[in-house]
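Report on the structure
In case you want the letters, here they are:
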Amino acid sequence: MKTNLGAVSRKRLLFIGLGLLAAMSRVSGQTNIPIKHFIFIIQENHSFDNYFGTFPGANGIPTGVTLPDYPGGPRLPKNHPFLILTSRIPHDLSHVWTSAALDYDNGAMDGFLWGEWRAGKVYYGQSIPVPTPDPNLVHIHQRKSTSRMTSAAGEEVLSPNGFADDEDEEAPDVADQNQAAEDSQPASSGPPNPNSRPSWVHYTLSYIDYHVIPNYWEYARKYTLCDNFFSSERADSFANHLYMVAAQSAGIVGNPEARFGWDSFLFPSIVNLFGQANISWKYYSGHTHHPKISSNPRMVAVWRPLPGFQKFANDPHLGEHLVYSDQFFTDIKSGNLPQVCWIIPTGADSEHPPNDIQTGMKYVTGLINTIMKSSYWQSCAIILTWDDYGGFYDHVAPTQIDQFGFGFRVPTIVISPYVIPKNISHTRYDFASMLALVETTFHLSPMASRDAAANNMLDCFNFSETPLPADIITPDTKLDFSDMATTTP
């Protein structure tokens, strides 16, 4: 798992140089884009193969693929991707830096059955270095004392919502407790026995289709599905949410823990550019309903990094931009939808395992229906995406353009009257591409090397054709997928 830093540095310099040339042409071109509103809907923790691995025409799960039980082991027929017809799996899957590195396995994409199991992660991942944030770009602080519980070695500590990470505001020290359990686990004299692997780990190889997520498959076949869209960092949620607003993470590869966190990001976010160009924006985030936990949208959370940027330290107008997700519906109805917005779910609506996927799909459908029924449909682009792979199998090895990414592919659908219909885009994108699209449209300069070099997603659109009609899905809508010849791995 060692990284050739010299090769990475040379690759990154070339990447930056090409990106700057692309950005220069981007800012000076494109004046006829009719999109006035960009709506980014961010869901949680699924790989492309997990949702669309059998979608006709997409780069999906290879036929006959099998995986080994341990590094260098034989690929076994029992370890193959399998269809599930349930909308929730029984346990969260690990998707932290070390697990992702093991799953990736130097590009072999075959380590999921040891990277997703605590004993496998501890034993095989002990030599994997974990980067630390750049102190010139991030202010790290130690929080007040919290109860750091420990658990029996080999057991996962789960939050009230069933999360095994810190993606739950109701239990912000879950990852801390799990790390304590790993720290206390005695060194093993040999590799763990695959026969002792918890049964739920096998769900890393599961996939679903239109039987479970019909609305998402309907959007994918009517508008543009992106089958080469990668998370920006090979890590979990917080870092990738940073890329969605700033095109970098300053070396952060994990979620905030109970003992340590980040209270100030010293690098710019895209909202700095919005302020300079007088572009309106909002970050809509969901309530948490725990009686002892504040869900204040102006506070930093795993899925809400913007309040941590230094720009907001003394901003009296912060509350105008960082609001509860309910405000989205009010803004649509009152004609006050901003030009750019992010919509972040509650835990229950997030699709983060073990939450019900169909609950999240219905929530997203409600958002999209509201947009389609409004006057904003005629001038909008909706990008529906998922923030990281969630520990689920994906067969495509992401190009490693630097030390941090790309991460694994995530499902992404572009919905707009101007999108190319019934289209699958094979162009490589990541979360910085979303920012590059906005920067191109509003003639903004890029902030970092990632958005400078990113493909800006304009090849998903055709602005010369007649705008597409809205495809409103209600509980009474009959969706028929009998004409879709899905593939079988």
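Our structure's up above, just so we're on the same page.
What you see is a predicted model; the values in this text were computed from it and never measured. (Residues numbered from 1 in each chain as written. Predicted model: local features only at pLDDT ≥ 70, side-chain atom pairs only at ≥ 80, totals over all residues. Heavy atoms only, no water.)

Moving on to the pattern of salt bridges. Per the stated rule, a full pass over the model turns up 12 salt bridges. For Asp110, the salt bridge is made with Arg75, and the minimal N-O distance between the two is 3.6 Å. Here the residue Asp110 occupies a position in the loop between α3 (97–104) and α4 (112–115), and Arg75 occupies one in strand β3 (residues 75–76), the gap between them amounting to 35 residues. Here Asp430 ties to Arg450 by a salt bridge, and the two come within 3.7 Å at their closest N and O atoms. (Salt bridge = Lys/Arg side-chain N within 4 Å of Asp/Glu carboxyl O. Helix = DSSP H or I, 4+ residues; strand = E, 2+ residues; numbered from the N terminus.)

This part is about the packing of aromatic side chains. Applying the stated criterion across every chain, the model contains 33 aromatic pairs. Judged by centre distance (6.0 Å) and plane angle (45°), the rings of Phe112 and Phe408 are tilted. Highlighted residues: Phe112 in helix α4 and Phe408 in the loop between β13 (380–386) and β14 (412–415), separated in sequence by 296 residues. Each member of the pair, Phe112 as well as Phe408, is classed as buried. (Phe/Tyr/Trp six-rings, centres within 6.5 Å; stacked < 30°, edge-to-face > 60°. Buried < 20%, exposed > 50% of the residue type's maximum accessible area, 1.4 Å probe, protein only.)

The next point concerns the sheet that holds strand β15 (residues 423–425). One open sheet holds the eight strands; their spatial order is β11-β10-β12-β1-β13-β14-β7-β15, and the pairing between them is mixed. Each having just a single partner strand, β11 (322–324) and β15 make up the two edges of the open sheet. Sheet twist, expressed as the mean angle between neighbouring strand axes with direction ignored, is 20°. Sitting on the sheet, helix α9 (residues 270–277) is in contact with β10 (281–285) and β12 (340–344), with an inclination near 145° to β12. Packed onto the sheet, helix α11 (residues 357–372) meets β1 (37–43), β12, β13 and β14 and runs at close to 170° relative to β1. (Pairing = 2+ DSSP bridges. Axes fitted to C-alpha atoms, helices over the stretch in contact; angles between N-to-C directions. Contact = heavy atoms within 4.5 Å.)

Within the secondary structure layout, Lys36 lies in the loop between α1 (5–28) and β1. A relative accessible area of 45% places Lys36 in the partly exposed class. Residues Lys36 and Pro338, 302 residues apart in the sequence, show an inter-C-alpha distance of 9.2 Å. Aside from chain neighbours lying at most four places away, what touches Lys36 is Gln339, Ser379 and Phe442.

Bringing the environment of Ile382 into the picture now. On the secondary structure map, Ile382 appears in strand β13. Ile382 sits in the buried class, given a relative accessible area of 0%. When the C-alpha positions of Ile382 and Ser416 are compared, they lie 6.2 Å apart, and in sequence the two are 34 residues distant. Ignoring sequence-local partners within four residues, the contact set of Ile382 consists of Ile39, Ile41, Ile368, Ile371, Trp377, Ile413, Val414 and Ile415.

Residues Pro353 and Pro354 are joined by a peptide bond in cis, for which omega reads 5°. Of note, the amide linkage connecting Gly405 to Phe406 takes the cis form, showing an omega dihedral of 15°. With respect to the secondary-structure elements, Phe406 resides in the loop between β13 and β14. Positive phi, normally seen in glycine, also occurs at Asn106, with a value near 55°. Looking at the secondary structure, you find Asn106 in the loop between α3 and α4. Residues other than glycine seldom take positive phi values, yet Met457 does so here, at roughly 75°. Along the chain, the position of Met457 falls in the segment after α13 (449–453).

Function cannot be inferred from these measures alone, as they are strictly geometric.
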